[in-house]
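Given next are the chains, with one letter for each unit.
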Amino acid sequence: MSEKPFIQYVKRLIQLVWLLIICVVGSTALFLGDAMGLLSFRVEESRLIASAGSSVVLVKEALWQAPDTSSIPHNAKGDMIRYGRELIAHTSKYLGPKGKVRQISNGMNCQNCHLKAGTVPFGNNYARVASAYPKRRNRSGIVEGFEKRVNDCIERSLNGEKLDSASREMQAIVAYLKWVGKDVKKGEAQPGFGLVELTPLHRPADPVKGKTVYDNYCGRCHGADGEGQLAESGLEWTYPPLYGDDSYNFGAGLYRISKFAAYVKANMPYGVTFENPFLTDEEAWDVSAYVNSMPRPEKDLSADWPDISKKPVDHPFGPYADNFSEEQHKYGPFTPIEAAYQ
Ligand code: HEC
Ligand code: HEC
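Scoring rules and cut-offs
Residues numbered from 1 in each chain as written. Chains lettered and ligands numbered in written order. Predicted model: local features only at pLDDT ≥ 70, side-chain atom pairs only at ≥ 80, totals over all residues. Helix = DSSP H or I, 4+ residues; strand = E, 2+ residues; numbered from the N terminus. Buried ≥ 20, exposed ≤ 12 C-beta atoms within 10 Å, placed from the backbone. Contact = placed C-beta atoms within 7 Å. pLDDT = per-residue confidence, 0-100. Near = placed C-beta within 6 Å. Nonpolar A, V, L, I, M, F, W, Y, C, P; charged D, E, K, R; others polar. Domains from an automatic or database assignment. Core = buried A, V, L, I, M, F, W, Y, C linked by C-beta atoms within 7 Å. Expected span 1.5 Å × (residues − 1). Arc of directions from axis to C-beta. Axes fitted to C-alpha atoms, helices over the stretch in contact; angles between N-to-C directions. Parallel < 35°, antiparallel > 145°, perpendicular 65-115°, else oblique.

Some details on the overall build of the protein
Looking only at helices and strands, the protein features 15 helices and 4 strands. Taken across its 342 residues, the protein has 36% of its residues classed as buried. In the protein, the share of contacts with a sequence separation of at least 24, taken over all contacts with a separation of at least 6, comes to 64%.

The structure is reproduced here in structure tokens:
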């Protein structure tokens, strides 16, 4: 054997031994890492994807987080932000039927639907509001400021009367909305904003199936008849109503089943999160159909959607710029309607 090939042979051998060492050390590290939870993010992520089907797939680190309340300044402006947060958390104590400031709304609190004062990822939070308003909205056909958008929820979700823009209460709510979304840049899209997006159903959402979901998983808190349960103080709800006289009216966002289903999927039964949902997408759609087929306060919506071609597919009231029925616009399937507009 000449010298050259022999040296090459030894070099190969050394390379092979290195490779072996790297493999052994690497896989031991992987095992240890897993045991120590270092890899739990990957495991968590695949569990999340498996449990939520196609609707909730996310990278955790990028999730939107609200600023820390301890960073609210201790000055007059900070006092307004804190008062705004209090009004959103306990609206009814101030503005409800027995409100100590005015009596202009039903007994619900903003945070019944905008969880934890609008700070929960996919809990219908206020992340986007500060950077997006004033904004042109198709429902009204005009540019809406913060006050108009807040009053929209007061008149519809809280089935109430407008709050004066110059009032201390409106100014406080707006101050809080601007604070909670202050770190979001205009047009930025970050996971966690607003509501989750659900897989569409290829059949109409079914109120009959939805009643079973309701009876099994919702009635124990929200009441057998959707009537909710008042707190001992009588000033706000421990469990807010889902239908009937004390609930949101026909004009509210939740009266669209896509919004209701998205809210419920990631947040109900109370305590679940988007990462750990309980209902399947189908159950979420069906329970939305059931709740929104039950009686609730009406609202004159004739001035909404001045351009009817801009109505969302699940807006349940005609006239429409297409030939689908009100029934299909209310319960779906929505994909064929969407296709008709493309
Ligand atoms: C019954 C449920 C409900 C209640 C109560 C409610 N809202 Fe809303 N709100 C919604 C829904 C649904 C939307 C629409 C979310 C969407 O389109 O993604 C919304 C949207 C908003 C938006 C715009 C959010 C955005 O990202 O553009 C603001 C601001 C808002 N609400 C403020 C309030 C305030 C302030 C109160 C209390 C005075 C309140 N809401 C009470 C359900 C509710
Ligand atoms: C363990 C009790 C509990 C269960 C079970 C539960 N919820 Fe809720 N739900 C709540 C509470 C509490 C709130 C208000 C949250 C807040 O104010 O922080 C709420 C709020 C809501 C809201 C928004 C406010 C409103 O009244 O319109 C909807 C919609 C809702 N729940 C739907 C459902 C549906 C559908 C189910 C069944 C799949 C369900 N919930 C099961 C406790 C519950």
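So much for the structure itself; the text now carries on.
Thoughts on the confidence of the model for the protein
Per-residue pLDDT for the protein has a mean of 89; in total, 84% of the residues score no lower than 70. Across residues 30-56, confidence stays below pLDDT 50; counting only partners more than four residues off in sequence or on other chains, it has 21 contacts.

Considering the site of ligand 2
With respect to spatial proximity, 24 residues lie near ligand 2, and among them Cys-218, Cys-221, Pro-240, Pro-269 and Tyr-270 are the closest. By residue class, the composition of the shell around ligand 2 is 19 nonpolar, 4 polar and 1 charged. Of the domains in this structure, domain 1 (62-180) and domain 2 (207-340) are the two that each give at least three residues to the shell around ligand 2.

Digging into the site of ligand 1
Near ligand 1 there are 27 residues, and of these Cys-110, Cys-113, Cys-153, Ser-157 and Gly-253 occur at the shortest range. Secondary-structure elements contributing two or more residues to the shell around ligand 1 are α5 (110-113), α7 (129-132), α8 (146-155) and α9 (168-180). Broken down by element, the residue count for the shell around ligand 1 peaks at 4 residues, all from α8. For the shell around ligand 1, a count of residues per class yields 17 nonpolar, 7 polar and 3 charged. Two domains each provide a minimum of three residues to the shell around ligand 1, namely domain 1 (62-180) and domain 2 (207-340).

Some thoughts on the nonpolar core
Judged by nonpolar contacts, the single largest core of 62 residues is most densely connected at Ile-173, Tyr-176, Leu-177, Ala-261, Val-264 and Val-287. For this core, the secondary structure elements donating two or more residues are α3 (76-89), α4 (91-95), α5, α8, α9, α10 (207-217), α12 (257-267) and α13 (281-291). In terms of residues, this core owes the most to one element, α9, which gives 9 residues. A domain split of this core shows at least three residues from each of domain 1 (62-180) and domain 2 (207-340). Apart from the residues lying within four places of it in its own chain, the contact partners of Val-264 are Leu-279, Ala-284, Val-287 and Ser-288.

Remarks on the environment of Glu-227
On the secondary structure map, Glu-227 appears in the loop between α11 (219-222) and β3 (229-230). As for Glu-227 and Leu-242, which are separated by 15 residues in sequence, their C-alpha atoms are 6.6 Å apart. The residues contacting Glu-227, other than those within four sequence positions of it, are Pro-241 and Gly-244.

Structural notes on unusual backbone geometry
In this structure, the amide linkage connecting Tyr-133 to the following residue, Pro-134, adopts the cis form with an omega of 0°. Its location among the elements puts Pro-134 in the loop between α7 and β1 (135-137). Within the chain, Asn-124 stands out as a residue other than glycine whose phi angle is a positive 55°. Residue placement: Asn-124 occurs in the loop between α6 (115-118) and α7. Positioned with a positive phi, Asn-159 is a non-glycine residue whose angle comes to about 40°.

What to know about α13
Buried residues dominate α13, accounting for 10 of its 11 residues. Every buried residue belonging to α13 is among Asp-281, Glu-283, Ala-284, Trp-285, Asp-286, Val-287, Ser-288, Ala-289, Tyr-290 and Val-291, and all of these are buried. On the buried face of α13, the contacting elements are α10, α12 and α14 (326-331).

Side note on α3
In an α-helix, one turn spans 3.6 residues, which is why side chains three or four residues apart end up on the same side. With 14 residues, α3 extends 20 Å between its outermost C-alpha atoms, agreeing within 8% with the 20 Å of an ideal straight helix rising 1.5 Å per residue. Residues Ile-81, Gly-84, Arg-85, Leu-87 and Ile-88 constitute the buried set of α3. The buried residues of α3 all sit within an arc of 160° when viewed along its axis, so they share a single face. Packing partners of the buried residues in α3 comprise α4, α5, α6 and α9.

Description of the environment of Asp-183
Of note, Asp-183 is situated in the loop between α9 and α10. Residue Asp-183 is classed as partly exposed on the basis of its 15 C-beta neighbours within 10 Å. Distance from Asp-183 to Gln-65, taken between C-alpha atoms, is 9.5 Å for residues 118 residues apart in sequence.

Quick word on the packing of α10 against α13
In the contact formed by α10 and α13, the axes pass within 7 Å of each other and the chain directions differ by 100°. Put simply, α10 runs roughly perpendicular to α13. Together, Pro-207, Lys-209, Gly-210, Lys-211, Val-213 and Tyr-214 of α10 and Glu-283, Asp-286, Val-287, Ser-288, Ala-289, Tyr-290 and Val-291 of α13 make up the contact between the two elements. Classifying every residue of the contact of α10 with α13 by side-chain character gives 7 nonpolar, 2 polar and 4 charged.

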